[in-house]
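Coordinate inspection notes
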Amino acid sequence: MPRKNLLLYALCALLSALPCHTLWAHTLTDKERQTVVDGAQQAKTACYKTIYRDTNAYSQCVRDLVAPEKPGSYKRLGAEYFAFAGAMAYVRVSQAGAEQAAVEFLKKYRSTQKRLGVDDEALCATVPGNCTVRIAQSKAMEAAPPKAPVMGVQCLGGVCRIAPKE
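Residues numbered from 1 in each chain as written. Predicted model: local features only at pLDDT ≥ 70, side-chain atom pairs only at ≥ 80, totals over all residues. Heavy atoms only, no water.

1. Considerations on a nonpolar patch on the surface
Together, Met-151, Val-153 and Ile-162 make up an exposed nonpolar region whose accessible area comes to about 330 Å². Structurally, Ile-162 can be placed in strand E2 (residues 159–164). A residue is classified by how much of its surface remains accessible, and Ile-162, at 63% relative accessible area, is exposed. (Patch = residues over 30% accessible without salt bridge, like charges linked within 9 Å, V, L, I, M, F, W, Y side chains within 5 Å. Areas by Shrake-Rupley, 256 points an atom, 1.4 Å probe, with all protein chains shown as cover. Salt bridge = Lys/Arg side-chain N within 4 Å of Asp/Glu carboxyl O. Helix = DSSP H or I, 4+ residues; strand = E, 2+ residues; numbered from the N terminus. Buried < 20%, exposed > 50% of the residue type's maximum accessible area, 1.4 Å probe, protein only.)

What follows is the structure, given as structure tokens:
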């Protein structure tokens, strides 16, 4: 086998042994980090106050906030990541709809994160909280995403609403 092919084979074998995230991951520059923090802070200020009443309003608020941002912008990444972290805080207290919001924004921030090539630790450090737990939650949710609840009409005392069926 020619030496050139042997080196190419060795390189391919080495790259296939590495986890995918190590191929695209890097830490943030100070400017990039600040832009992510600003996006997260903007989502927190504009949207987080709505989640305790209505997770759908929270999700829509974040969607509206990031809509004008470019798909691969650091500000968008910050807002989407905060939306995930904020939803996870309400998953812990069993807020209705919080898990669906977390799944939605997990997918969105992962897409933006991959596009920008930001590693998990650098991204997690932009939002206060326990990074070990949050990164583990992200990976667990990706491995086994929760199923959407089956919805139905529930009437109580003559007032009807759409609610998850139990």
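2. Remarks on empty space enclosed by the protein
Empty space among the atoms becomes visible once a probe the size of a water molecule is rolled across them. In the structure shown here, the tally under the stated rule is 1 cavity of 30 Å³ or more. Approximately 40 Å³ is the volume found for the largest cavity. Along the walls of the largest cavity sit Tyr-81, Tyr-109, Arg-110, Gln-113, Asp-120, Leu-123, Cys-124, Arg-134, Ile-135 and Ser-138, which together make up its complete lining. Class assignment for the residues of the lining of the largest cavity results in 5 nonpolar, 2 polar and 3 charged. (1 Å grid on protein atoms, 1.4 Å probe; cavity = no way out; pocket = protein on both sides within 12 Å on 5 of 7 lines; lining within 4 Å. Points joined across faces, edges and corners; volume = space filled by probe spheres on them. Nonpolar A, V, L, I, M, F, W, Y, C, P; charged D, E, K, R; others polar.)

3. Comments concerning the packing of helix H3 (residues 30–47) against helix H4 (residues 55–66)
One way to put it is that H3 packs onto H4 with a least axis distance of 10 Å and a crossing angle of 135°. Relative to H4, H3 is oriented oblique. Judged by the twist between their axes, the crossing of H3 over H4 is right-handed. Touching Gln-42, Ala-43, Ala-46 and Cys-47 of H3 are Tyr-58, Cys-61, Val-62 and Leu-65, all from H4. Per-class residue counts for the contact of H3 with H4 are 7 nonpolar, 1 polar and no charged. (Axes fitted to C-alpha atoms, helices over the stretch in contact; angles between N-to-C directions. Parallel < 35°, antiparallel > 145°, perpendicular 65-115°, else oblique. Left-handed = near helix turned anticlockwise from the far one by under 90°. Contact = heavy atoms within 4.5 Å.)

4. Re H4
An α-helical turn contains 3.6 residues, so any two residues separated by three or four positions project in the same direction. For H4, with 12 residues, the first-to-last C-alpha span of 17 Å sits near the 16 Å given by 1.5 Å per residue. Buried residues of H4: Thr-55, Tyr-58, Ser-59, Val-62, Leu-65 and Val-66, and no others. Viewed along the axis of H4, the buried residues span an arc of 125°, placing them on a single side of the element. Its buried side turned inward, H4 meets H3, helix H5 (74–91) and helix H6 (98–116). (Expected span 1.5 Å × (residues − 1). Arc of directions from axis to C-beta.)

So far we have only geometry, and geometry alone does not tell us how the molecule works.
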